[in-house]
Amino acid sequence: MKVWVYAEADGDKVTTATLELLTKAREVADTVEAVYAGSAGDAVAAAVGAHGATKLFVVDPGGGLHGHVAGRAIAQLAGEHNPDAILFVQSYDGRDAIARVSARLDRPVLTNGMALSGEGGLTFGTAIFGGMTLVDAKFSADGPALLAIRPKSFAAEESGGGPAEVVNVGAVDAGTAGAAKLLERHVEEQQGPKLEEASVVVSGGRGIGASENYAPLVEELAKLLKGAWGASRAIVDAGWVPYALQVGQTGKTVKPKVYIALGISGATQHLVGMKNSDNIVAVNKDGEAPIFSVADIGIVGDVHKVVPQLIELIKAKG
Amino acid sequence: MNVVVCVKQIPDPAVPGALEADHTLDRSGKLILDESDSYGVEMALQLVDAAGGGEVTLVSMAPNEEVGGLRTALAMGAAKAILVSDPALGGSDALSTAKVLAKAIERAGEVDLVLAATESSDGYTGTVPAQVAELLDWPAVTFAKKVEVAGGTVKVQRQTEAGYDEVEAPTPAVVSVTAGVVEPRYPSFKGIMAAKSKPVDNVTVADLGLDASQVGWSGARQEITNVAEAPARQAGEKFEDDGTGAEKIVAFLEQLKVV
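Residues numbered from 1 in each chain as written. Chains lettered and ligands numbered in written order. Predicted model: local features only at pLDDT ≥ 70, side-chain atom pairs only at ≥ 80, totals over all residues.

A tally of regular secondary structure across chain A gives 8 helices and 17 strands. When the backbone C-alpha atoms are referred to their principal axes, chain A occupies close to 65 × 45 × 40 Å. Across chain A, the fraction of contacts at a sequence separation of at least 24, relative to all contacts at a separation of at least 6, is 68%. (Helix = DSSP H or I, 4+ residues; strand = E, 2+ residues; numbered from the N terminus. Contact = placed C-beta atoms within 7 Å.)

When its secondary structure is counted, chain B shows 7 helices and 13 strands. Taken along its principal axes, the extent of the C-alpha atoms in chain B is 65 × 45 × 40 Å. Residues classed as buried in chain B amount to 49% of the 259 residues present. The contacts in chain B between residues at least 6 apart in sequence include a share of 72% that link residues at least 24 apart. (Buried ≥ 20, exposed ≤ 12 C-beta atoms within 10 Å, placed from the backbone.)

Below, the discussion takes up the environment of Ala244(A). Residues and elements named next belong to chain A. Within the secondary structure, alanine 244 sits in the loop between helix 6 (233–237) and strand 15 (258–262). Overall, the presence of 19 C-beta atoms within 10 Å leaves alanine 244 in the partly exposed class. As for alanine 244 and glutamate 188, which are separated by 56 residues in sequence, their C-alpha atoms are 9.2 Å apart.

Right, let's talk about the domain arrangement of chain A for a bit. Residues and elements named next belong to chain A. By domain assignment, chain A separates into domain 1 (2–178) and domain 2 (200–317). Distance between the C-alpha centres of domain 1 and domain 2: 32 Å. Each partner contributes residues to the interface: domain 1 has 7 residues there, and domain 2 has 6 residues. The residue inventory of the side of domain 1 that touches domain 2, partitioned by class, reads 3 nonpolar, 2 polar and 2 charged. (Domains from an automatic or database assignment. Nonpolar A, V, L, I, M, F, W, Y, C, P; charged D, E, K, R; others polar.)

For helix 4 (residues 128–136) of chain B, a buried count of 9 out of 9 residues is recorded, marking the element as mostly surrounded by other parts of the structure. Those residues of helix 4 of chain B lying buried are Val128(B), Pro129(B), Ala130(B), Gln131(B), Val132(B), Ala133(B), Glu134(B), Leu135(B) and Leu136(B). Among the structural elements, helix 4 (92–105) of chain A together with helix 3 (94–107), strand 6 (113–117), strand 7 (140–150) and strand 10 (173–177) of chain B are those in contact with the buried residues of helix 4 of chain B. After helix 4 of chain B finishes, the residue Asp137(B) shows a positive phi value of roughly 60°.

Moving on, we get to the sheet that holds strand 14 (residues 228–231) of chain A. Strand order in this open sheet of 6 strands is 14(A)-13(A)-15(A)-16(A)-17(A)-13(B), and the pairing throughout is parallel. The sheet is open, and its two edges are formed by strand 14 of chain A together with strand 13 (237–240) of chain B, each paired on a single side. Direction aside, the axes of adjacent strands within the sheet are offset by 15° on average. In the sheet, strand 15 of chain A pairs with strand 16 (residues 279–284) of chain A via 5 bridges, with the strands oriented parallel. Paired with Tyr259(A) across the two strands is Ile280(A), which belongs to strand 16 of chain A. Each of strand 15, strand 16 and strand 17 (297–300) of chain A is contacted by helix 8 (residues 303–317) of chain A, which is oriented at about 130° to strand 16 of chain A, the strand it contacts most. Strands in contact with helix 7 (residues 245–255) of chain B are strand 15, strand 16 and strand 17 of chain A together with strand 13 of chain B; relative to strand 17 of chain A, the strand with the most contacts, it is inclined by about 170°. (Pairing = 2+ DSSP bridges. Axes fitted to C-alpha atoms, helices over the stretch in contact; angles between N-to-C directions.)

Residue and element names in this part refer to chain B. Most of strand 8 (residues 153–159) sits out of view: 5 of its 7 residues are buried. If you look at the hairpin formed by strand 7 and strand 8, you'll find 2 residues sitting between the two strands, and glycine 151 has a positive phi there, around 55°. Across 7 bridges, strand 8 lies against strand 9 (residues 163–170) in antiparallel orientation. Within the sheet, the bridge partner assigned to threonine 153 lies in strand 9 and is proline 170. Counted between consecutive antiparallel strands, the loop separating strand 8 from strand 9 contains 3 residues.

This next bit is on the nonpolar core. In terms of nonpolar packing, the biggest core is built from 194 residues, with Val5(A) and Val35(A) touching the most fellow members. The biggest single contributor to this core is helix 3 of chain B, with 8 residues. For this core, the domains that each give at least three residues are domain 1 (2–178) and domain 2 (200–317) of chain A. Among residues more than four places away in sequence, those in contact with Val35(A) are Trp4(A), Tyr6(A), Ala7(A), Phe57(A), Val59(A), Ala70(A), Ala73(A), Ile74(A) and Leu77(A). (Core = buried A, V, L, I, M, F, W, Y, C linked by C-beta atoms within 7 Å.)

Counting residues at the interface gives 67 residues for chain B, matched by 73 residues for chain A. Of all elements in the fold, only helix 3, helix 4, strand 7, strand 9, strand 12 (222–229), strand 13 and helix 7 of chain B reach the threshold of two or more residues within the side of chain B that touches chain A. Classifying every residue of the side of chain B that touches chain A by side-chain character gives 32 nonpolar, 17 polar and 18 charged. By the bridge criterion, 7 bridges tie strand 9 (residues 133–139) of chain A to strand 12 of chain B in an arrangement that is antiparallel.

Turning next to helix 7 of chain B. Of the residues making up helix 7 of chain B, those classed as buried are Gly245(B), Ala246(B), Ile249(B) and Leu253(B). Along the axis of helix 7 of chain B, the buried residues cluster in a sector spanning 100°; they form a single face. Structural note: helix 7 of chain B exposes Glu254(B) and Gln255(B) on the side pointing more than 90 degrees away from its buried face. In the core, the buried residues of helix 7 of chain B are packed alongside strand 15, strand 16, strand 17 and helix 8 of chain A together with strand 13 of chain B. Positive phi shows up at Lys257(B), right after helix 7 of chain B, with a value of about 60°. (Arc of directions from axis to C-beta.)

Put simply, helix 8 of chain A and helix 7 of chain B touch, their axes get as near as 8 Å, and they point 50° apart. In terms of orientation, helix 8 of chain A and helix 7 of chain B fall into the oblique class. For the pair helix 8 of chain A and helix 7 of chain B, the sense of crossing is right-handed. Residues Val306(A), Gln309(A), Leu310(A), Leu313(A) and Ile314(A) of helix 8 of chain A lie in contact with helix 7 of chain B, whose contacting residues are Gly245(B), Ala246(B), Glu247(B), Ile249(B) and Val250(B). (Parallel < 35°, antiparallel > 145°, perpendicular 65-115°, else oblique. Left-handed = near helix turned anticlockwise from the far one by under 90°.)

This is the structure in structure tokens:
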């Protein structure tokens, strides 16, 4: 079996989620190859090679959005090289790319994957209803099978392989898919560790009451614990905090050593993004809130009382 | 300027979801407008206002002739709706859905912009907007948090992992918007009354020139091989806060050597 991975990089650093897919691809396939759109081909070839890819197709995205241009390029390359399956990260660009390939080749997609097995053809595992129900699915369509997988579904491990052989595809005619032009990138300054990488994550939800309570409760506790701070969709939608902080189905998937949910009810949308954390602490007024069904320790109480006490106690410990 | 908004009518997310025997989502209860779509409807109304003319058309699909959610969006101010309703649509996957929506958008006539949510709240495949764009052979920009249209160009601030990108595309284009980018208006009483008489063009799959085999279960070309309950997390402890809640958390964090 030949499996391709759509490789994404942040600058010249291949994303961890890409490396996770390559590691899994090694397990289910004899041949693993990758496709990348961007200008850091050599650095990407080294990283994907070290995780099992033997070949890297490098596409010049021009001024276009990477996912859309890569999608058109992958559709064209797949016709020439016939991979059995193509894996995409469930990311912004990964979703664009898989969608373009799907419509271009008339192949269905499965997304939000969390498991993949090669026994008896590719079986794809996903979770629905906030991760409470597991579903396995298979394609009956002709290949390539198009699969998008959530970050942190697998561990990334090196294969000991050397750099992947670079195949320079150059610029592709992406037509209207390439007509959306990237004018400028804005990086929003982020304090503290990244949400996806922090060993402690403290998130706030509607129960914190108002946007001005976010900093003194959620951020303050996270900083004390040298962790990152996040949010439920409810308070992102309400405009209290930026979208970049959202943990959940539409936001980030986190898997820290400790996840502390403050005033979060635990809608399925949120649970799917954090329920695989090693340890979960929840504080919520409503004792019936679903968050308590996944919490290792739950305090039924007012975050405005419990959190300031918690902050004082931790400060007192130095 | 004419804007089409793709909207979905979904089972109330506040009610626990269930699967039918054929593994499709149980949609037998009351269906409502997906809250994620209310942002696209609001943005479309604002864009048409800013352009000083034109109208907002809703496009939706459903296996039965459900219109409850559409009436909500019509009451917000959309002018009309195209509803593709056909028993053949049951079991449709994202690509089949995109095929149907793309055909329905073509039926809407002169369109400058198609707006959609980034994903539905019930199925959340998250690929439909870009699939629609590919089928229409249009540019697409997903995850927009700000959208402006002027002189045949749509300017978008697109969410990224690290911040946002400024992106520009010629119209017509498909743009998916994230939740929370605008404040969806509440329908006024007048709007609700007016919505009752706004036109809903009810069409079948055949009306769109699609074959029934391209949609529903046969179009999806996938099978569910197993459905199981996820292993439950080890039941944790829950305490009413009697003033010692914070101490209990500290003790727990100490055990984990986090403090």
